[in-house]
Amino acid sequence: MPDDVISGKLSFKEKFKKFWSNPKNRKITIISIIGIIILSLATGFYFIFKPDLGGNLSLDVDKEEAKEQLYPSLLDGTMISKEDANRHPLGIIVENHVDSRPQSGLSAASVVYEAIAEGGITRFLALYAPRGAEKVGPVRSARTYYVDWIRELNGYFAHVGGNYDALQKIKADGILDLDQFVNSAAYWRDRSRKVSSEHTMYTSTSKLYETATNKKYTTDNTFISYKFKTEPDLESRPESQSVFINFGNASYNVKYVYNKEKNSYLREMAGKAHVDIENNTQIEAKNIIIQSINRRSTVTAINENGWIFDLVGSGDASIFIDGKEIKATWKKENDTSRTRYYDKSSGTEIEFNPGTFWIETIHPGLSYKVE
């Protein structure tokens, strides 16, 4: 017989068996354990989730710390993550021949230059940084003035070859080049639209940035950002404004229609909405710059006809922003400096709205009209 029984004392095990054999004791114990579990869970949830003033549950964290801090993009002033805000600019030549429409990826660009190439056909230099596009194109060849514009930012430059002068200038100016002829892995052909081969080349910003990384191109930004301001409230915006740019050919003429609610300009081309086929949305601009530039005809060493644009110096410009026109002056000090814009009446540098720029370059033989 166990010692604890002989001595008249029950062990803990025997006491527990005796206690548990009583149905009332079992019931009380089970209820108590369940109550403790519920109380523990409730206490834990209280410290993890607290009711906000609206009676909803919210994480018990500092809201400012939880929300990713945003920074202004150097290229277009939009508020975005630090990495995207400081991403190195990437320029892509996108064609505008009627067979190339609708284009892909233009709605994601921060800045788009539009200029006449040859034959009265306009062509785009689309600049990306804070936002990208997984399909951009059709991509076409470079001209010297597009090289000059990408040089202002020391940006990566994507294109499919170019005329002789442009290719020579790319080498001479040390452009961070991403020519398709040398970097074919970043490009592909899309023949689904049944157009001639020159209208089928596409690329993506992610592939191009990857190529630039593999080539060990710089990621430093040394260009000077434009100045940005706060947009006016709805009540102080005008009801309407339209800007018509005559490029001398009905298939390439452009119209911008001001949208008061968005405080932006919806782009039309050849009399209809200019749409990005990738998201089926109409292209729009927060800032429109019409820049008057003198140009001269040239013939390259291999007998290609082309144009030289006089981009260094100063000239007239018109800025369309917030449904209003600002008469301005553009200035560019030297080959590498950035073109800047100044209010003609006050002499102060223009402050733009954060968002997309469309820079329309016209020569003295072209015109625009405001309604």
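Scoring rules and cut-offs
Residues numbered from 1 in each chain as written. Predicted model: local features only at pLDDT ≥ 70, side-chain atom pairs only at ≥ 80, totals over all residues. Heavy atoms only, no water. Phe/Tyr/Trp six-rings, centres within 6.5 Å; stacked < 30°, edge-to-face > 60°. Helix = DSSP H or I, 4+ residues; strand = E, 2+ residues; numbered from the N terminus. Buried < 20%, exposed > 50% of the residue type's maximum accessible area, 1.4 Å probe, protein only. Pairing = 2+ DSSP bridges. Axes fitted to C-alpha atoms, helices over the stretch in contact; angles between N-to-C directions. Contact = heavy atoms within 4.5 Å. 1 Å grid on protein atoms, 1.4 Å probe; cavity = no way out; pocket = protein on both sides within 12 Å on 5 of 7 lines; lining within 4 Å. Points joined across faces, edges and corners; volume = space filled by probe spheres on them. Nonpolar A, V, L, I, M, F, W, Y, C, P; charged D, E, K, R; others polar.

S.K.: Explanation requested: the packing of aromatic side chains in the structure shown.
M.R.: Aromatic rings considered in pairs are described by the distance between their centres and by the relative angle of their planes. Tallied over the entire structure, the rule returns 17 aromatic pairs. Taken together, a centroid distance of 5.4 Å and an interplanar angle of 85° make the contact between Phe124 and Trp358 edge-to-face. Remark: Trp358 occurs in strand β27 (residues 357-362) and Phe124 occurs in strand β7 (residues 122-128); sequence separation between them is 234 residues. For the pair formed by Phe124 and Trp358, the shared burial category is buried. Look at Tyr145 and Tyr146: their rings are 4.9 Å apart centre to centre, the planes differ by 45°, and that puts the pair in the tilted class. Of the residues examined, Tyr145 reaches a relative accessible area of 1% and is grouped as buried. When its relative accessible area of 0% is taken as the criterion, Tyr146 is described as buried. Through a chain of ring-to-ring contacts, the aromatic side chains of Tyr113, Tyr145, Tyr146, Trp149 and Phe309 assemble into a single cluster.

S.K.: Would you explain the sheet that holds strand β24 (residues 324-332) in this entry?
M.R.: As a general point, the strands of a sheet are linked pairwise by backbone hydrogen bonds and lie either parallel or antiparallel. Strand order in the open sheet made by the 10 strands is β9-β8-β5-β7-β6-β27-β20-β23-β24-β25, with mixed pairing throughout. Every other strand in the sheet has two partners, leaving β9 (176-179) and β25 (340-343) as the edge strands with one partner each. Looking at each pair of strands side by side, their axes are set apart by 25° on average, direction ignored. Bridge analysis of strand β8 (residues 156-159) against β9 gives 4 bridges, and the strand direction is parallel. The partner of His159 across the bridge, within β9, is Asp179. Sitting on the sheet, helix α8 (residues 205-214) touches β5 (90-95), β7, β8 and β9, and the angle it makes with β5 is about 135°.

S.K.: Help me out: how do you make sense of empty space enclosed by the protein in this one?
M.R.: Using a probe with the size of a water molecule, rolled over the atoms, empty space left in the structure can be pinpointed. Counted by the stated rule, this structure contains 1 cavity of 30 Å³ or more. As a volume, the largest cavity reaches approximately 60 Å³. What lines the largest cavity is Ile116, Ile293, Arg295, Phe309, Thr361, Ile362, His363 and Leu366. Looking at the lining of the largest cavity residue by residue, the class counts come to 5 nonpolar, 2 polar and 1 charged.

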